[in-house]
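Given next are the chains, with one letter for each unit.
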Amino acid sequence: MPTQGNYDDLWEELTLAQKFAASSLTQFGYELNFIRDFHDTHIAVLTCNENIAVISKGGEINTHPNIEIRL
């Protein structure tokens, strides 16, 4: 889990579209965990209990991504 300072830093790395999408997900209990930057995709990864959601650079939310998170 990110600390408050790290969370704020992560939030600042989101695109405007991602911030809007992430705000809507946080209302359902999702928390921003990390941002994955590969091949210019800039995907935000959020979790809520066992659920994972990703937000694309353009703000598109996918609540059933094909992604595994290592613990």
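It should be noted that the structure appears before, not after, this text.
Residues numbered from 1 in each chain as written. Predicted model: local features only at pLDDT ≥ 70, side-chain atom pairs only at ≥ 80, totals over all residues. Heavy atoms only, no water.

Chemist: Where do I start with the overall build of the chain in this structure?
Modeler: A tally of regular secondary structure across the chain gives two helices and four strands. Computed over C-alpha atoms, the radius of gyration of the chain comes to 11 Å, within 12% of the 11 Å expected from 2.2 N^0.38 for 71 residues, which places it in the range of a compact globule. Seen through its principal axes, the chain has C-alpha atoms that stretch 30 × 25 × 25 Å. The buried share of the chain, reckoned over its 71 residues, is 31%. (Helix = DSSP H or I, 4+ residues; strand = E, 2+ residues; numbered from the N terminus. Rg over C-alpha atoms; globule rule 2.2 N^0.38 Å. Buried < 20%, exposed > 50% of the residue type's maximum accessible area, 1.4 Å probe, protein only.)

Chemist: Got a minute to help me understand the layout of surface pockets in this structure?
Modeler: The probe, sized like a water molecule, is rolled over the atoms to show the empty space still left. Estimated volume of the largest pocket: approximately 230 Å³. Lining the largest pocket are Phe-34, Arg-36, Phe-38, Ile-43, Val-45, Val-54, Pro-65, Asn-66, Ile-67, Glu-68, Ile-69 and Arg-70. Taken together, the elements giving at least two residues each to the lining of the largest pocket come down to β1 (31–36) and β2 (43–48). Residues that form the lining of the largest pocket fall into these classes: eight nonpolar, one polar and three charged. (1 Å grid on protein atoms, 1.4 Å probe; cavity = no way out; pocket = protein on both sides within 12 Å on 5 of 7 lines; lining within 4 Å. Points joined across faces, edges and corners; volume = space filled by probe spheres on them. Nonpolar A, V, L, I, M, F, W, Y, C, P; charged D, E, K, R; others polar.)

Chemist: Before we go on, may I ask you to explain the nonpolar core in this structure?
Modeler: A general trend in soluble globular proteins is that nonpolar side chains are found buried together. Judged by nonpolar contacts, the single largest core of 13 residues is most densely connected at Leu-14, Leu-25, Tyr-30, Leu-32, Ala-44, Leu-46 and Ile-55. Breaking this core down by element, the ones donating at least two residues are α2 (16–26), β1, β2 and β3 (51–55). (Core = buried A, V, L, I, M, F, W, Y, C linked by side-chain atoms within 4.5 Å.)

Chemist: Before we go on, may I ask you to explain the sheet that holds β2 in this structure?
Modeler: By way of backbone hydrogen bonds, the strands of a sheet pair with one another, either parallel or antiparallel. The strand order across the open sheet formed by four strands is β1-β2-β3-β4, and the pairing between neighbours is antiparallel. Both outer strands of the open sheet, β1 and β4 (61–62), are each paired with one neighbouring strand and no more. When β2 meets β3, the two strands line up antiparallel, connected through five bridges. Residue pairing in the sheet places Thr-47 in a bridge with Ile-52 of β3. (Pairing = 2+ DSSP bridges.)

Chemist: What exactly am I supposed to notice about the pairing of β1 here?
Modeler: Across a regular strand the side chains alternate sides, sitting on one face of the sheet and then on the other. In terms of strand pairing, β1 meets β2 through five bridges, oriented antiparallel. Directly across from Ile-35, in β2, lies its bridge partner Ala-44. Here β1 folds back onto β2, and the loop between the two strands holds six residues, one of which, His-39, carries a positive phi near 50 degrees.

It is worth stressing that arrangement in space is one thing and function is another; only the former is reported here.
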